[in-house]
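Single-letter residue listing:
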Amino acid sequence: MSPPPAHLTALADGPAHLAALADGAPSAPHGSGREIDHAGVERAARDLLRALGADVDSVGLHETPRRMADAYAELLTAKPFRATTFPNDDGYDELIVARAIPFHSLCMHHLLPFQGVAHVGYLPGERIVGLSKLGRVVELFARDLQIQERLTMQIADWLQRELQPKGVGVVLEAEHLCMSLRGVQKLGAKTVTSALHGLVRDDARTRQEFLALAREESR
Ligand code: ZN
């Protein structure tokens, strides 16, 4: 097996990069630290279209390589954000859950989109984070070549690392075009993944409460 591309390693094990975000330092231009070679993508897209038997000089396709490069760049770039955390001065000790955060990503096996919703929750410890930031964390990891399981874990691990909460729960429900348009061809079939840490995993009441909140959305 070949080693993962450098940017994926940096994302997966990149506490330094992510810690910088948490400290309110300006974040990297791309969420993953990725640099996209726009001209290179355009050339490759033209070659791909040719290999697919398309006439890339025709009027309809002439601008397509550039549009493809634009589209991939957008799909793979997260908006930079500052994940400022705050001390939990009021000692809030119930679950904080952001439900049904819409997201889309690109499946790393087929480069086809998968999209759905994320339910992200944590049981606060010393620090809390703005609710809107939970959506930005989802986007940070979703704008990448991904598999759903890894995306789920990366979101949960980020929260665990940055907030040191008493528990974390992440549930993702998504439809994968690579599954619904080809192969098994089950339109609308959802893949559900979850990552639970701490009391959300180990305490039955908290776990039930979180999963009930996550399940409500899928009905
Ligand atoms: Zn796929």
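Residues numbered from 1 in each chain as written. Predicted model: local features only at pLDDT ≥ 70, side-chain atom pairs only at ≥ 80, totals over all residues. Heavy atoms only, no water.

Caption draft 1: Local environment of unusual backbone geometry. Backbone geometry places Ala100, a non-glycine residue, at a positive phi of 55°. Considering the arrangement of structural elements, one finds Ala100 in strand β2 (residues 96-107). The phi dihedral of Gln164 falls on the positive side, at around 45°, and the residue is not glycine. Here Gln164 is to be found in the loop between α6 (148-163) and β6 (167-176). (Helix = DSSP H or I, 4+ residues; strand = E, 2+ residues; numbered from the N terminus.)

Caption draft 2: Looking closely at the pattern of salt bridges. This structure, assessed with the given rule, holds 7 salt bridges. The salt bridge partner of Glu162 is Arg161, with a shortest N-O separation of 3.8 Å. Using a relative accessible area of 13% as the deciding quantity, one classes Glu162 as buried. The exposure class of Arg161 is partly exposed, given its relative accessible area of 29%. One salt-bridge network, held together by shared partners, links Glu63, Arg66 and Asp70. (Salt bridge = Lys/Arg side-chain N within 4 Å of Asp/Glu carboxyl O. Buried < 20%, exposed > 50% of the residue type's maximum accessible area, 1.4 Å probe, protein only.)

Caption draft 3: Geometry of the nonpolar core. Core analysis: the biggest nonpolar cluster contains 31 residues, and Phe103, Val120, Leu134, Leu151, Ile155, Leu159 and Val170 have the highest contact counts within it. Not counting the four nearest positions on each side in its chain, Leu151 is found in contact with Phe103, Phe114, Val138, Phe141, Ala142, Gln146 and Leu172. Grouped together as the second largest cluster of nonpolar side chains are 7 residues, Leu95, Val200, Phe210 and Ala214 included. (Core = buried A, V, L, I, M, F, W, Y, C linked by side-chain atoms within 4.5 Å. Contact = heavy atoms within 4.5 Å.)

Caption draft 4: Here's a closer look at the sheet that holds β6. Overall, mixed pairing links the 5 strands, which are arranged β5-β2-β3-β6-β7 in an open sheet. The open sheet has two edge strands with one neighbour each: β5 (145-146) and β7 (191-197). Across 2 bridges, β2 lies against β5 in parallel orientation. Counterpart to Cys107 in the pairing with β5 is Gln146. On top of the sheet, helix α5 (residues 131-142) reaches β2, β3 (113-123) and β5; it is set at about 20° to β2, its chief contact. (Pairing = 2+ DSSP bridges. Axes fitted to C-alpha atoms, helices over the stretch in contact; angles between N-to-C directions.)

Caption draft 5: Representation of the coordination of the zinc ion. Protein coordination at the zinc ion comes from Cys107 (SG), His110 (ND1) and Cys178 (SG), with a distance range of 2.1 to 2.2 Å. Going along the chain, you hit the donors of the zinc ion in the pattern C-x2-H-x67-C. Placement of the pair is Cys107 in strand β2 and Cys178 in helix α7 (residues 177-180), with a sequence separation of 71 residues. (Donors = N, O, S within 2.8 Å, 3.2 Å for Na, K, Ca; no water.)

Everything listed here is a matter of coordinates, which is why it stays silent on function.
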